[in-house]
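# Topology and contacts: notes
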Amino acid sequence: MRLHPRTQAAKESVFPKMSALAQRLGAVNLGQGFPSNPPPPFLLEAVGRALGRYDQYAPPAGLPALREALAEEFGVEPEAVVVTSGATEAIYVLLQSLAGPGDEVVVLEPFFDVYLPDAFLAGAEARLVRVPLEEGGFRLDLGALERAITQRTRLLLLNTPMNPTGLVLGEAELKQIAELARRHDLFLISDEVYDELYYGERPRRLREFAPERTFTVGSAGKRLEATGYRVGWIVGPKAFMPTIAGMRQWTSFSAPSPLQAGVAEALRVARREGFYEALRESYRRRRDLLLSGLVSMGLKAYPPQGTYFLMAEVPGWDAFRLVEEARVALIPASAFYLEDPPEGLFRFAFCKKEEELTLALERLAPVVNSLA
């Protein structure tokens with residue numbers, strides 16, 4: 001007896017492995033991207049009020065109150081919104097719905113680790129387009145993106161702001177991507193879970209330029225510092241969304257009802273009270289603290305335009321030696337590349353308290369400098 005070959009997609013990723021190692025060794029965990037700070041009080045209070053009121057199944061498409069709150073934000077009708085059990089489920093459901101055997105899915109590399117397994121589980125083939133690392137950071141090559149499209153290509157899967165690079169696609173790039181999708185009649189999945197974490201002008205959304213073919217993925221966990229709540233969403237063309245909701249009823253059926261109700265209330269409070277502005281400023285400080293510390297060690301670090309991750313080079317080390325000798329957990333670039341990752345490149349998560357970042361820098365400095 002043996003398990004089906006599709007289970008090859010179920011290998012343990014480096015993220016929980018590194019977090020477990022960090023906990024065992026008492027390391028500062030700058031690997032897995034979960035915030036150290038608690039969720040905002042207004043979210044906790046809203047969830048508390050929902051307990052005892054919203055305790056049974058929600059509809060597969062999501063609690064009406066949450067769909068309405070998201071519809072207000074995105075300027076769509078509630079019928080264009082489907083709530084999922086986190087953004088991870090949203091990506092899975094979309095790939096199951098939009099692609100299948102014989103199809104190709106174009107994915108930017110480096111990529112978030114669920115993209116390739118989800119394409120594989122849908123029976124589709126992933127075609128990778130590498131985002132080159134240049135002296136000033138990562139830059140999308142739109143020519144390479146177009147060259148990757150074939151007659152079998154069904155959709156483009158994009159991530160902006162981009163994990164792990166911190167790249168934010170600009171308006172000109174989004175317009176060209178939308179034109180490319182129309183010319184080749186492709187669907188677009190735009191993973192925008194870090195949509196409120198940017199450090200320049202507010203980014204435009206891809207769906208603004210191609211609403212008829214774009215499915216936007218979002219996450220309450222990233223916006224509200226509550227990654228364990230597993231409340232995500234898809235905003236897409238209204239005509240397709242009943243089928244998308246029907247597909248996700250076969251996965252988790254519905255996201256937790258009291259958490260949906262709490263998030264519905266909290267999203268409005270966050271926007272009204274300037275929570276996102278304060279969150280961005282807090283992350284900007286932590287980003288700059290980490291960047292300056294790494295640069296002072298003589299390391300090359302690439303300032304992110306968005307997300308709470310940055311990439312930096314630590315030559316001569318691998319992640320497991322670093323966590324053992326420096327007691328700082330990082331994610332190696334190999335987690336985001338299929339093959340030939342840049343050597344000595346790591347992802348640092350700065351969604352941690354400032355004292356944790358300071359301690360990580362203090363621990364890294366003597367170990368990194370020992371090879372100098």
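Residues numbered from 1 in each chain as written. Predicted model: local features only at pLDDT ≥ 70, side-chain atom pairs only at ≥ 80, totals over all residues. Heavy atoms only, no water.

### Let's talk about the packing of aromatic side chains
In the structure shown here, the tally under the stated rule is 14 aromatic pairs. Between Phe15 and Phe336, the ring centres sit 5.8 Å apart and the planes meet at 65°, which makes this aromatic pair edge-to-face. Taken as a pair, Phe15 in helix 1 (residues 14-25) and Phe336 in the loop between strand 14 (331-332) and strand 15 (345-349) lie far apart in primary sequence, 321 residues in all. Residue Phe15 is classed as buried on the basis of its relative accessible area of 7%. On the numbers, 5.8 Å between centres and 65° between planes, the contact of Phe275 with Tyr276 is edge-to-face. Taken together, Tyr194, Tyr283, Tyr308, Phe309 and Phe350 form an aromatic cluster joined through their ring pairs. Sitting over the ring of Phe309, Arg347 keeps its end group 3.7 Å from the ring centre. (Phe/Tyr/Trp six-rings, centres within 6.5 Å; stacked < 30°, edge-to-face > 60°. Helix = DSSP H or I, 4+ residues; strand = E, 2+ residues; numbered from the N terminus. Buried < 20%, exposed > 50% of the residue type's maximum accessible area, 1.4 Å probe, protein only. Lys NZ or Arg CZ within 6 Å of the ring centre and 35° of its normal.)

### Examining helix 13 (residues 354-369)
With 16 residues, helix 13 extends 22 Å between its outermost C-alpha atoms, agreeing within 8% with the 22 Å of an ideal straight helix rising 1.5 Å per residue. All of the buried residues along helix 13 are Leu357, Ala360, Leu361, Arg363, Leu364, Val367 and Val368. Those residues of helix 13 hidden inside the fold are in contact with strand 1 (28-29), helix 11 (275-296), helix 12 (319-325), strand 13 (328-329) and strand 15. (Expected span 1.5 Å × (residues − 1). Contact = heavy atoms within 4.5 Å.)

### Section: the sheet that holds strand 4 (residues 125-130)
Taking strand neighbours across the sheet as the criterion, the 7 strands line up as 2-10-9-8-7-3-4 in an open arrangement whose pairing is mixed. The open sheet has two edge strands, strand 2 (81-84) and strand 4, and neither has a second partner. The sheet shows a mean angle of 20° between the axes of neighbouring strands, taken without regard to direction. Here strand 3 (residues 104-109) pairs with strand 4 via 6 bridges, running parallel. Bridging across to strand 4, Val106 finds its partner in Arg127. In the packing of helix 3 (residues 64-74) onto the sheet, contacts are made with strand 2, strand 9 (214-219) and strand 10 (232-235), and the angle to strand 2 comes to roughly 125°. Contacting strand 2, strand 9 and strand 10, helix 9 (residues 241-248) crosses the sheet at an angle of about 15° to strand 2. (Pairing = 2+ DSSP bridges. Axes fitted to C-alpha atoms, helices over the stretch in contact; angles between N-to-C directions.)

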